[in-house]
Amino acid sequence: MCYPLLDSEFLNVFPEGFEYVAPYADEAGDALRFEFGLRCWCTGHDEECPFAEQLLRFRGEGCVIVVRGADDHDFGSGVERGFRALLHRMEEGVVHYPDACTGEEVAGSDGTCEGAKVVPGQAESYDKTTNDDGTVTYTFHLRDGIKWSDGKDVTAGDFEYSWKRLVSPDTAADYNYMLDCVVNANEIMAGEKDPSELAVKAVDDKTFEVTLTTDLPYFEELCAFPAMMPVRQDIIEANGDQWTFDPSTYISNGPYKLTEWTHNSQIVMAKDENYYDYANLGPDTLTFKLMDDANAMLSGFKSGELDYIQEAPQAELPNLIASGDMKIVDYLGTYYVCFQTQKAPFDNPKVREAFTLAVDRNYIVEKVTQSGQVEAGAYVPSGISDAEEGSDFRKVGGDYYDPTKDAYEANCEKARQLLAEAGYPNGEGFPVVEYLYNTNDAHKAVAEALQNMWEQELGVTVTLNNQEWNAFLQTRKDGDFSIARNGWISDYNDPVSFLDMWVTGGGNNDAHYANPDYDNLIAQAKAESDPAARMKLLHQAEDILVGQDYVVDPLYFYTQKYMLRDGIEGMYYCPLGYFFFGYCTQAQ
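Quick notes on the rules
Residues numbered from 1 in each chain as written. Predicted model: local features only at pLDDT ≥ 70, side-chain atom pairs only at ≥ 80, totals over all residues. Heavy atoms only, no water. Helix = DSSP H or I, 4+ residues; strand = E, 2+ residues; numbered from the N terminus. Buried < 20%, exposed > 50% of the residue type's maximum accessible area, 1.4 Å probe, protein only. Contact = heavy atoms within 4.5 Å. Areas by Shrake-Rupley, 256 points an atom, 1.4 Å probe, with all protein chains shown as cover. Salt bridge = Lys/Arg side-chain N within 4 Å of Asp/Glu carboxyl O. Pairing = 2+ DSSP bridges. Axes fitted to C-alpha atoms, helices over the stretch in contact; angles between N-to-C directions. Polar contact = N/O pair within 3.5 Å; in protein donor to acceptor, adjacent residues only side chain to side chain. Core = buried A, V, L, I, M, F, W, Y, C linked by side-chain atoms within 4.5 Å. Phe/Tyr/Trp six-rings, centres within 6.5 Å; stacked < 30°, edge-to-face > 60°. Lys NZ or Arg CZ within 6 Å of the ring centre and 35° of its normal. Parallel < 35°, antiparallel > 145°, perpendicular 65-115°, else oblique. Left-handed = near helix turned anticlockwise from the far one by under 90°. Expected span 1.5 Å × (residues − 1). Arc of directions from axis to C-beta.

## Some thoughts on the overall build of the protein chain
Argument step 1. Helices and strands together make up the secondary structure of the protein chain, namely 16 helices and 26 strands.
Argument step 2. Going through the 588 residues of the protein chain one by one, you find that 61% of them count as buried.
Argument step 3. Excluding contacts between residues fewer than 6 apart, the proportion of contacts in the protein chain whose partners are at least 24 apart in sequence is 68%.
Argument step 4. A total accessible area of about 20300 Å² is found for the protein chain, and carbon and sulfur atoms account for 43% of it.

Here it is, written out as structure tokens:
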């Protein structure tokens, strides 16, 4: 199977966004091969990229994946969406998203994919025990015969090493906070305790034990996240931060293994003969093509060179969607703007609220993105569960402003009043500010629309600055901006995936936001075991983040688009943005 990836994003890291190509047999009729087009264009796991955002969730928001942390290729320290997509094929945690599961057709897929959910992976089973002190212990029982791609046994010790490495201050992982639910994790990350004191241990080679501070409703999903997948201590110690750069040192434990990485060209994976379910895998190889041109991707798909893509030229989208060739499915994510809250003029909440209200979201989704996105009236998207079974966090919480077309004029009037209250009547005296975004035609179109809205409605001057992916990530992370494009795809179905990133000093807190009241609410929510009380605290936290401090300016809730070659069967998807192809077949 072959996927297209963006050249520019893939120079030093795996692609951020990924798009696929269709399966076909070679001339000899031997190996069934699937080819995909991947394209990097998201902003991280914080975005919608086919590889970073979407193979984003490969380990990212769509299909291309970017890994961040001490090592941009090290999923044991940090992971962006696109790289996740790759990792879900080469790596496997104690639990995983399989390629066959629910048997339910994904809404909007027109029968091209079914739903996937978390089930046991490297662990054959696990037990959950509530302790007398309120802590909760998970005991994972590893499968017999599980091995690394070089034939060595996978042991519980590999998981213990990897999880302790993730929270170690020496690793400096952006995603270390995802393990703050484990006993002693917060103290270790703060430098108050040694990583050896993390409450995870290999009881023996087949038993991995984890103790949480309290019951966590999304812990199983968390265990399927790439940052929690195991890495080999001997490989890392021998090769340092270069271990993922070469197939000879990229030792993995998933269904596929890395066999080729031709920089600026392609990544090839082959079925791993050591994988416990090898006999049932589909394509002999998965090929990820590095591509940076949406026109070339669509052309490759139409010619039969590619089997699956997630991107197409913006002008082509309406017709492709209307014809049914481009499928649109649910995607748990939000495209938003973040402000640098520590620098004037956006250190003033009134200014941030004014810029938020002056955005015509209806125009953006109807005239700019045109892919079924839904205008956002809040930050946490629709589809995230609330306390009661079947309830939706967004429906319970409601909107913080009316994002509809009919309310836009009133929103703009209030925005001008707020700007005047902040000392800038009609925009007078307001400094020239810059909007930062990563180079991509779709992001450019949104940026130009925002620029026009802010200048027209607020009387301010906004310049645009686009940067290549890696430079953009660093600039935004360093806080060297006024306004920046951003996005986030949920790592698991819980509002805390969107909210805990904004605590003071958080690795993904690009706004450099700091509010002790907010931090306290997140801490309380993470310690609360009662579902209703916990959700109440999270709603209060969002009330502060968006309703009071206007740290982020949500534009729309994502949808996932893709095109799949006719005749390909056995693709699976979950709304976290993961597509699974390991058991695909080509209908004859």
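## Things to note about the pattern of salt bridges
Argument step 1. As enumerated under the stated definition, the model contains 22 salt bridges in all.
Argument step 2. With a shortest N-O distance of 2.3 Å, aspartate 180 and lysine 526 are connected by a salt bridge. With aspartate 180 in the loop between helix 2 (156-167) and helix 3 (185-189) and lysine 526 in helix 15 (residues 516-527), the pair connects residues that are 346 residues apart, well separated along the chain.
Argument step 3. Here aspartate 180 falls in the buried class, since its relative accessible area comes to 14%.
Argument step 4. Judged by relative accessible area, lysine 526 falls into the buried class, the value being 17%.
Argument step 5. A single salt-bridge network, built from bridges that share partners, covers Asp150, Lys152, Arg232 and Asp234.

## Some points on unusual backbone geometry
Argument step 1. Cis rather than trans, the peptide bond between alanine 344 and proline 345 has omega equal to 0°.
Argument step 2. Within the secondary structure, proline 345 is located in the loop between strand 17 (327-339) and helix 8 (349-357).
Argument step 3. The phi torsion at alanine 172 lies on the positive side, around 55°, for a residue other than glycine.
Argument step 4. Inspection of the secondary structure puts alanine 172 in the loop between helix 2 and helix 3.
Argument step 5. Of note, histidine 512 is a non-glycine position whose phi angle comes to about 55°, a positive value.
Argument step 6. Take histidine 512: it is sitting in the loop between helix 14 (496-499) and helix 15.

## A few points about the pairing of strand 21 (residues 483-489)
Regular strands have side chains that alternate between both faces of the sheet.
Argument step 1. Among the seven residues that make up strand 21, seven are buried, leaving the element largely enclosed by the rest of the structure.
Argument step 2. Here strand 21 shows no split at all, with Ile483, Arg485, Gly487 and Ile489 on one side and Ala484, Asn486 and Trp488 on the other all buried.
Argument step 3. Bridge count between strand 17 and strand 21: seven bridges; the pairing is antiparallel. In the sheet register, threonine 334 faces strand 21, and the bridge partner there is tryptophan 488.
Argument step 4. Across two bridges, strand 19 (residues 433-438) lies against strand 21 in parallel orientation. Residue leucine 436 lies in a different strand from strand 21, and its bridge partner there is alanine 484.

## Notes on the sheet that holds strand 12 (residues 207-212)
Argument step 1. The four strands are arranged 9-10-12-11 in an open sheet whose pairing can be described as antiparallel. Only two strands of the sheet have a single neighbouring strand rather than two, namely strand 9 (123-130) and strand 11 (200-204). Across the sheet, the mean angle separating the axes of adjacent strands is 20° when strand polarity is ignored.
Argument step 2. In this structure, strand 10 (residues 136-142) lies alongside strand 12, joined through six bridges in antiparallel fashion. Looking across to strand 12, one finds that histidine 141 is bridged to threonine 207.
Argument step 3. Sheet contacts for helix 2: strand 10, strand 11 and strand 12; angle to strand 11, the most-contacted strand, approximately 170°.

## A word on the pairing of strand 17
Argument step 1. Burial runs high along strand 17: 11 of the 13 residues are buried.
Argument step 2. Both strand 17 and strand 22 (residues 552-564) contribute to a ladder of nine bridges, which runs antiparallel. Paired with tyrosine 336 across the strands is proline 554, a residue of strand 22.

## Quick notes on the environment of threonine 112
Argument step 1. Within the element layout of this structure, threonine 112 appears in the loop between strand 6 (95-96) and strand 7 (114-115).
Argument step 2. Put simply, threonine 112 and methionine 563 are 451 residues apart on the chain and 9.4 Å apart in space, counted from C-alpha to C-alpha.
Argument step 3. Of note is the side chain of threonine 112, whose polar atom sits 2.4 Å from the side chain of tyrosine 562.

## Some points on the nonpolar core
Argument step 1. In terms of nonpolar packing, the biggest core is built from 141 residues, with Phe140, Trp163, Phe219, Phe355, Tyr379, Trp454 and Trp502 touching the most fellow members.
Argument step 2. Here this core takes eight residues from strand 17, the largest share from any one element.
Argument step 3. Beyond its immediate chain neighbours, meaning those up to four positions away, tryptophan 454 contacts Phe355, Ala358, Val359, Tyr435, Gly459, Val460, Val462, Ile483 and Asp553.

## Some details on the packing of aromatic side chains
Argument step 1. Overall, the coordinates contain 43 aromatic pairs when judged by the stated rule.
Argument step 2. Measuring from centroid to centroid gives 6.4 Å for tyrosine 175 and tryptophan 488, while their planes differ by 20°, and the two rings are stacked. Of the two residues, tyrosine 175 sits in the loop between helix 2 and helix 3 while tryptophan 488 sits in strand 21, which places them 313 residues apart along the sequence. Considered together, tyrosine 175 and tryptophan 488 belong to a single accessibility category, that of buried residues.
Argument step 3. The interplanar angle of 20° and the centroid separation of 5.1 Å between the aromatic rings of phenylalanine 339 and phenylalanine 346 together place this pair among those described as stacked.
Argument step 4. Overall, phenylalanine 339 belongs to the buried group, its relative accessible area being 0%.
Argument step 5. Its relative accessible area of 1% is what places phenylalanine 346 among the buried residues.
Argument step 6. Ring pairing ties together the aromatic residues Phe339, Phe346, Phe355, Tyr424, Phe430, Tyr435, Tyr437 and Trp454, which thus form one cluster.
Argument step 7. Over the aromatic face of phenylalanine 301 sits the side chain of arginine 565, whose NZ or CZ is 4.2 Å from the ring centroid.

## Observations regarding the packing of helix 8 against helix 11 (residues 408-421)
Argument step 1. Relative to each other, helix 8 and helix 11 sit at 160°, their axes nearing to 8 Å. It follows from the interaxial angle that helix 8 and helix 11 lie roughly antiparallel. For the pair helix 8 and helix 11, the sense of crossing is left-handed. Contact with helix 8, carried on its side by Lys350, Val351, Glu353, Ala354 and Leu357, involves Tyr408, Asn411, Cys412, Lys414, Ala415, Leu418, Leu419 and Glu421 of helix 11 and no other residues of that element.

## Here's the deal with helix 15
Residues lying three or four places apart along an α-helix face the same way, a consequence of the helix completing one turn every 3.6 residues.
Argument step 1. Here helix 15 spans 16 Å end to end across 12 residues, near enough to the 16 Å set by a 1.5 Å rise per residue.
Argument step 2. Buried within helix 15 we find Tyr518, Leu521, Ile522, Ala525 and Lys526. The arc that holds every buried residue of helix 15, seen down its axis, measures 135°, which confines them to one face. Exposed side of helix 15, more than 90 degrees from the buried face: Pro516, Asp517 and Ala527 are the residues found there.
Argument step 3. Taken together, the buried residues of helix 15 touch helix 14 and helix 16 (531-548).

## Points about helix 9 (residues 361-369)
Argument step 1. Within helix 9, the full set of buried residues consists of Arg361, Asn362, Ile364, Val365, Val368 and Thr369.
Argument step 2. Those residues of helix 9 that are buried lie in contact with helix 7 (317-323), helix 8, strand 18 (374-375), helix 12 (441-458) and strand 22.
Argument step 3. Where helix 9 begins, the side chain of aspartate 360 points an oxygen toward the backbone nitrogen of asparagine 362, at a separation of 3.3 Å.
Argument step 4. Taken from the residues just after helix 9, glutamine 370 is the one with a positive phi, measuring 55°.

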